[in-house]
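So you can see what is in the structure, the chains are spelled out below.
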Amino acid sequence: MDLTTHFLPEGRLLHTEENRRLCATAEGLSRAMETGIILEGTALLCDENHSLKVSVGPFTGYIPRQDTALGIAEGTTRDIAILSRVGKPVSFTVEALEGEDGHLVPRLSRKRAQGRALAYFLSHWVPGQIVPATVTHLEPFGAFVDIGCGVPSMIGVERLSVSRIAHPADRLQEGQEIFAAVLALDLQQGRVVLTHRELLGTWEENAALFRPGMTVPGYTRGIKDYGTFVELTPNLSGLAESKDGVKEGERVSVYIKSILPDRMKLKLLIIDTLPPLEGPEPLHYFLTEGILDRWQYAPEGCRKSGGETVFKE
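The rules we used
- Throughout this description, residue numbers start from 1 for each chain and increase along the sequence as written.
- Owing to the predicted nature of the model, reporting of local features is limited to residues with pLDDT of at least 70; listing and counting of side-chain atom pairs is limited to 80 or more, with chain, interface and lining totals taken over all residues.
- Note that the side-chain values use all heavy atoms of the structure and ignore hydrogens as well as water.
- Only DSSP runs of H or I covering at least 4 residues are called helices, and only runs of E covering at least 2 are called strands; the numbering of each starts at the N terminus.
- Each residue's exposure class comes from its accessible area (1.4 Å probe, protein chains only) as a fraction of the maximum for that residue type: buried when under 20%, exposed when over 50%, partly exposed otherwise.
- In this description, contact between two residues means that some pair of their heavy atoms is separated by no more than 4.5 Å.
- Working definition of accessibility: Shrake-Rupley area with a 1.4 Å probe, residue cover restricted to the visible protein chains.
- In summary, the charge assignment counts Lys and Arg as positive and Asp and Glu as negative, without counting His or the chain termini.
- For charged residues, the charge sits on one atom: NZ in Lys, CZ in Arg, CG in Asp, CD in Glu.
- Here a cavity denotes grid points, spaced 1 Å and computed from the protein atoms alone, that fit a 1.4 Å probe unable to get out, and a pocket denotes an open set having protein on both sides within 12 Å along at least 5 of 7 lines; residues with an atom within 4 Å of a point are the lining.
- Grid points are joined across faces, edges and corners, and a volume is the space filled by probe spheres set on the points.
- Residues are grouped as follows: Ala, Val, Leu, Ile, Met, Phe, Trp, Tyr, Cys and Pro are nonpolar; Asp, Glu, Lys and Arg are charged; every other residue, Gly included, is polar.
- By this definition, two strands are paired if DSSP reports at least two bridges between them.
- Lines fitted to the C-alpha atoms define the axes, with helices restricted to the stretch that makes contact. Angles between their N-to-C directions range from 0 to 180 degrees.
- Ring geometry is summarised as follows: Phe, Tyr and Trp rings, the Trp one being its six-membered ring, pair when their centres sit within 6.5 Å, and such pairs are stacked at plane angles under 30 degrees, edge-to-face over 60 and tilted between the two.
- Salt bridge, as applied in this entry: a Lys or Arg side-chain nitrogen positioned within 4 Å of an Asp or Glu carboxyl oxygen.

> Account for the overall build of the chain, with residues named and values stated.
Of the regular secondary structure elements, the chain holds five helices and 17 strands. With respect to the principal axes defined by its C-alpha atoms, the chain has extents near 75 × 40 × 35 Å. Of all 313 residues assigned to the chain, the portion counted as buried reaches 46%. Relative to all contacts within the chain whose residues are 6 or more apart in sequence, the contacts with residues 24 or more apart total 64%. Accessible surface, the chain: about 15700 Å² in total, of which carbon and sulfur atoms supply 50%. Side-chain charges of the chain comprise 33 positive and 41 negative groups, with the mean position of each set lying 6 Å from the other.

Here you go:
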C-alpha cells in the first residue's frame, strides 16, 4: 500500500471515503493498525495530563501526551502544540484497541504519524519541489505551516511574495490551504525550509494580466516622497503619484498609465480608496506542481536584475 498519499496537511484526509470507512468499525481500525495507515479524527479535548481525546468515527480514542507530537517527550516542542489542536483535525496511527467498561477505546499516536511523514519528506523531497501546505500560525517574521501530518515548517515574510508586506496576515490567514516550494532540506536539524514567492509568477507573467488604460484594484505598500507603491498582485507593484489622504495598506483603485517591460515598471494613477475586504486577497498560483531548478523574476534582457532563486541539492 502506498502510504505517501496520506502524508498530507491535517484536515485533508478527515472527510475522505477511506478515512470514514476505516474509522467506522472496530474491524476497520484493526486493519489500519495492522497496515500502519494514517487516519484522521477531531481532537475533542486536552485533559489535565495534556493527553488528547479524539473523535474516531463512533469511538473516542486517546493520544497520550508523549505521543501527541514530535519533540513533546524530549521537551523540544512546547505544549501549545497540543493545546492548539483542540477542535481541529489530528493525524494518527492506531497503536492499540483497548477496552473500557465494555467500550472500544483506540490508543493513537500522532507522533508516529509525524515521524513517518518527516522521514519521507527528508528522504524523498528535493529542493525546488512544489508541495501542499496549510497555514497554522502567523507571526510578524513569517508564516508557520503544516506540510503533512502536523509536521511544521516556516516561510519567512520576505519569501511570501515579491511585493513587501508589513505582516504575513496581509497575504495569508490561518487555516488557508496553500502551495510552497522546498528551498532546502536540513537533514541534521530534521527541518524542511520553504519558500512561496516563486509560485506567484514572474514580473512578465503578472504584467501580462494587465494593459495600459485599465483601472484595477490594488493595495498601497509604501508611501515615499516621490510617490506611492501600489501592489496589483503579490508579485507585481507599480509607482503612482501621491494622493492626499491615502494611507499605507489601504485598498485603492488605480489607472494604469503605462507598462514598461525593459525597466520592469508600471506607471499608475490612484483614482480612489476602496473599502477593505474581509481577509487577504485569494492567491493566484502560476505553478502548483513539479520541481523548479531556477526561478528568475525579471524578464530576459531587463535593465533591472530582480529576484532570483537557484534550487540546489
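> Please set out empty space enclosed by the protein residue by residue, giving values where relevant.
Any space left empty among the atoms is revealed by the rolling of a water-sized probe across them. Going through the model one piece at a time under the given rule, you end up with one cavity of 30 Å³ or more. One number sums up the size of the largest cavity: a volume of about 30 Å³. Class assignment of the residues belonging to the lining of the largest cavity gives a composition of three nonpolar, three polar and one charged.

> Account for the sheet that holds strand β12 (residues 227–233), naming residues and giving values.
Strands sit in the order β11-β12-β13-β15-β14 around a closed barrel of five strands; the barrel is mixed. Neighbour-to-neighbour, the strand axes of the sheet open up by a mean angle of 50°, direction not taken into account.

> Describe the layout of surface pockets, listing the residues and the values that go with them.
Size it by volume and the largest pocket reaches roughly 1300 Å³. If you trace the largest pocket, you find 40 residues lining it, with Ala-81, Thr-136, Phe-144, Gly-150 and Pro-152 closest to the centre. Of all the secondary-structure elements, those providing two or more residues to the lining of the largest pocket are α3 (80–83), α4 (110–124), β6 (130–139), β7 (142–148), β8 (151–156) and β10 (191–195). The element best represented in the lining of the largest pocket is β6, accounting for five residues. Considered class by class, the residues forming the lining of the largest pocket number 16 nonpolar, 13 polar and 11 charged. Along the wall of the second largest pocket there are 27 residues; nearest its centre are Phe-229, Ser-237, Gly-238, Met-264 and Lys-304. Within the residue set of the lining of the second largest pocket, elements represented by two or more residues are β11 (215–224), β13 (236–240) and β15 (265–274).

> Tell me about the side chain of Gln-129, and please be specific about residues and values.
In this structure, Gln-129 sits in the loop between α4 and β6. For Gln-129, a relative accessible area of 18% gives the class buried. Residues contacting Gln-129, with those up to four places away along its chain left out, are His-124, Ala-180, Ala-181, Val-182, Gly-290 and Ile-291.

> Pulling in residues and values, what's your account of the packing of aromatic side chains?
Evaluation of the coordinates by the stated rule reveals eight aromatic pairs. When the centroid spacing of 5.4 Å and the interplanar angle of 45° are considered together, the rings of Phe-7 and Tyr-120 count as tilted. Of this pair, Phe-7 sits in the segment before α1 (17–23) while Tyr-120 is found in helix α4, placing the two residues 113 residues apart along the sequence. Considering the side-chain rings of Tyr-120 and Phe-121, the 6.4 Å spacing of their centres and the 70° angle between planes classify their relative orientation as edge-to-face. For Phe-121, a relative accessible area of 1% gives the class buried. Taken together, the ring pairs connect Phe-7, Tyr-120, Phe-121 and Trp-125 into an aromatic cluster.

> Can you break down the pattern of salt bridges residue by residue, with the values?
Overall, the coordinates contain 15 salt bridges when judged by the stated rule. Residue Glu-231 pairs with Arg-171 through a salt bridge whose shortest N-O separation is 2.9 Å. Placement of the pair is Glu-231 in strand β12 and Arg-171 in the loop between β8 and β9 (177–186), with a sequence separation of 60 residues. Relative accessible area serves as the criterion here: at 4%, Glu-231 is assigned to the buried category.

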